[in-house]
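Here's the letter readout for the chains.
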Amino acid sequence: AERKVLVKYYPPDFDPDKLYKAKKLRDMVPKKEQSEGKKKGVSVRMMLPMSVRCKTCGEFMKIGTKFNMRKATVEDEDYLGIAIYRFHWKCKRCSGELTMKTDPKNSDYVCEFGATRNYEPWRDQRCAETAKAAVRKLEEQNDILKSLENKTYDSKREMEILDNLEEVRHLNKRHANVNHEDMIEASRKQYMQSLQEDVLQKDAKEQFSKLRRKREEMMEQDAIFERKEEDDESSGDEGIMGMVNINKREMKSMVKPDPIKSSSGPVFKRPAVKLNKRVKVTPKPAEPAKEVKACPNPLEMLAGLGSDSDSD
């Protein structure tokens, strides 16, 4: 069979007019039987409003546990015209009979038979507050000075509460007079100002980066220029050393005696290149050696002389 029946079977002799409504069925039952049913109770499905413990087996049942309970009205008992109901259910372990009833005075439930309620600290706090109020009322009845002290304390406390309340009202009134359009305009101006500051900061960062780049380029150019100067100085020093280490023969060729003032000693000619200038000087090429005639052989010379004497 299907879990969810979509099509139901209707027999051929089915007549919907013969069906009775729930109200008609209730009217058909005699009132005496209805009252007996009310006394016996109505089956309801509800959760436990409190944590209880079974007295028979000691089983704990926490708040929110679901049970099928029988609900019945408590006869000859009410609170200010409010009916009190009793609930019957069974323990889930030993199937013992457990009962509880409503407490409209304290807006709570009370365990009546077969179970005890677990400890709840908020219930003790409420009981302590009620006991304190009862003790204070009794003291005020017996002692006039105590009642006067309590009244002054209460009046002082009320004044503090009123002052705090007036402060809160003043704050609410001040907030109520605030114009929302002005607030929106002020927030918009603040936002635009923050945007302008961000733009200015961005421009300043860009300018700083440009200046930094320019400075780095200038430093690179200065380094290149210094390197070139060092190279020129090293090349000039080499030229000077080359001129100092000139061959003695070349120095002699550069020196010529003055025919007029021969007694004053040799006069050196001014060099063709100034040494103070950083110019690379290449040494002059050496002059080619003059051809020297070979000396005649002395034997040949004697032979020549002999031939001349024979002829004479």
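Here, every reference points to the structure presented above.
Since this is a predicted model, take the numbers as computed values, not measurements. (Residues numbered from 1 in each chain as written. Predicted model: local features only at pLDDT ≥ 70, side-chain atom pairs only at ≥ 80, totals over all residues. Heavy atoms only, no water.)

J.: Sorry if this is basic, but what is going on with the packing of aromatic side chains here?
T.: For any pair of aromatic rings, geometry is given as the distance between the ring centres together with the angle between the planes. Using the criterion set out here, one finds three aromatic pairs in the structure. Judged by centre distance (5.3 Å) and plane angle (50 degrees), the ring pair of Tyr-10 and Phe-14 falls under tilted. Taking the centre distance of 6.3 Å and the plane angle of 45 degrees together, the rings of Phe-67 and Trp-89 count as tilted. Within this pair, whereas Phe-67 is found in strand β4 (residues 66-79), its partner Trp-89 is found in strand β5 (residues 82-90), the two being separated by 22 residues in sequence. (Phe/Tyr/Trp six-rings, centres within 6.5 Å; stacked < 30°, edge-to-face > 60°. Helix = DSSP H or I, 4+ residues; strand = E, 2+ residues; numbered from the N terminus.)

J.: In this structure, what is going on with a negative patch on the surface? I would like to understand it.
T.: On the surface, Asp-222, Glu-226, Glu-229, Glu-230, Asp-231 and Asp-232 cluster together into a negatively charged patch. By secondary structure assignment, the location of Glu-230 is in helix α5 (residues 180-244). For Glu-230, a relative accessible area of 52% translates into the label exposed. (Patch = residues over 30% accessible without salt bridge, like charges linked within 9 Å, V, L, I, M, F, W, Y side chains within 5 Å. Areas by Shrake-Rupley, 256 points an atom, 1.4 Å probe, with all protein chains shown as cover. Salt bridge = Lys/Arg side-chain N within 4 Å of Asp/Glu carboxyl O. Lys, Arg positive; Asp, Glu negative; His and termini not counted. Charge placed at Lys NZ, Arg CZ, Asp CG, Glu CD. Buried < 20%, exposed > 50% of the residue type's maximum accessible area, 1.4 Å probe, protein only.)

J.: Where do I start with a nonpolar patch on the surface in this structure?
T.: Where nonpolar side chains cluster on the molecular surface, the patch consists of Tyr-10, Phe-14 and Leu-19 and spans about 350 Å² of accessible area. Note that Tyr-10 resides in the segment before α1 (22-28).

J.: What should I look at first to understand the layout of surface pockets in this one?
T.: Vacant regions in the atomic arrangement are exposed by a probe of water-molecule size rolled over the atoms. In this structure, the second largest pocket occupies an estimated 190 Å³ of space. Lining the second largest pocket are Asp-103, Asn-106, Asp-108, Tyr-109, Val-110, Cys-111, Arg-117, Arg-123, Arg-126, Cys-127 and Thr-130. Those elements giving two or more residues to the lining of the second largest pocket turn out to be β7 (108-113) and α3 (121-142). (1 Å grid on protein atoms, 1.4 Å probe; cavity = no way out; pocket = protein on both sides within 12 Å on 5 of 7 lines; lining within 4 Å. Points joined across faces, edges and corners; volume = space filled by probe spheres on them.)

J.: So what exactly am I meant to see when it comes to the sheet that holds β7 here?
T.: Remark on secondary structure: sheet strands pair via backbone hydrogen bonds, oriented parallel or antiparallel. The five strands lie next to each other as β1-β4-β5-β6-β7, forming an open sheet whose pairing is antiparallel. Of all strands in the sheet, those with a lone pairing partner are β1 (42-47) and β7, marking the two edges. Averaged over all neighbouring strand pairs, the angle between strand axes comes to 40 degrees, with direction disregarded. Summarising the sheet, strand β6 (residues 97-103) and β7 pair through five bridges and their orientation is antiparallel. Bridge assignment links Lys-101 to a residue of β7, and that residue is Val-110. (Pairing = 2+ DSSP bridges. Axes fitted to C-alpha atoms, helices over the stretch in contact; angles between N-to-C directions.)

J.: Would you explain the environment of Arg-86 in this entry?
T.: Its location among the elements puts Arg-86 in strand β5. Measuring from C-alpha to C-alpha, the distance between Arg-86 and Met-100 comes to 5.7 Å, with 14 residues separating the pair along the chain. Once you skip the residues sitting within four places of it in the chain, Arg-86 turns out to touch Arg-70, Lys-71, Ala-72, Val-74, Met-100, Lys-101 and Glu-112. (Contact = heavy atoms within 4.5 Å.)

J.: Any chance you could explain helix α4 (residues 144-176) here in plain terms?
T.: Working note: α-helix, 3.6 residues per turn, so residues spaced by three or four point in the same direction. For α4, spanning 33 residues, the distance from its first C-alpha to its last is 47 Å, which sits close to the expected 48 Å at 1.5 Å a residue. For α4, the capping residue at the N-terminal end is Asp-143, with a side-chain oxygen 3.2 Å from the backbone nitrogen of Leu-145. (Expected span 1.5 Å × (residues − 1). Polar contact = N/O pair within 3.5 Å; in protein donor to acceptor, adjacent residues only side chain to side chain.)

J.: So what exactly am I meant to see when it comes to the nonpolar core here?
T.: Generally speaking, a soluble globular protein has its nonpolar side chains buried in company with each other. If you look at the biggest cluster of nonpolar residues, it comprises 14 residues, and the most contacted ones within it are Leu-48, Val-52, Met-61, Met-69, Trp-89, Leu-98 and Met-100. Elements with a contribution of two residues or more to this core: β2 (52-54), β4, β5 and β6. Setting aside chain neighbours within four positions, we find Leu-48 in contact with Met-61, Lys-62, Ile-63, Gly-64, Thr-65, Phe-67, Met-69 and Trp-89. (Core = buried A, V, L, I, M, F, W, Y, C linked by side-chain atoms within 4.5 Å.)

J.: Any chance you could explain the sheet that holds strand β3 (residues 60-61) here in plain terms?
T.: Pairing in this open sheet of three strands is antiparallel, and the strands run β3-β2-β8 from one edge to the other. Edge positions in the sheet fall to β3 and β8 (115-117), since each of these pairs with one other strand and no more. By the bridge criterion, two bridges tie β2 to β3 in an arrangement that is antiparallel. Its bridge partner lying in β3, Val-52 is registered against Met-61.

J.: Quick question: what am I supposed to make of the pairing of β4 here?
T.: Regular strands place their side chains on alternate faces of the sheet. Two elements, β1 and β4, share six bridges in a ladder whose sense is antiparallel. The residue of β4 that forms the bridge with Met-47 is Lys-66. Alignment of β4 against β5, held across six bridges, turns out to be antiparallel. Among the inter-strand pairings, Thr-73 is bridged to a residue of β5, identified as Tyr-85. Adjacent in sequence and paired antiparallel, β4 and β5 are bridged by two residues, among which Leu-80 carries a positive phi angle near 50 degrees.

J.: What am I meant to see in unusual backbone geometry here?
T.: Across the chain, the bulk of peptide bonds are trans and the bulk of non-glycine residues have phi less than zero. Here Asp-76, not a glycine, exhibits a phi torsion of approximately 55 degrees, which is positive. Asp-76 gets classed as exposed once you look at its relative accessible area, which sits at 83%. We note that Leu-80 has phi near 50 degrees; this positive angle belongs to a residue other than glycine. You can see Leu-80 is positioned in the loop between β4 and β5.

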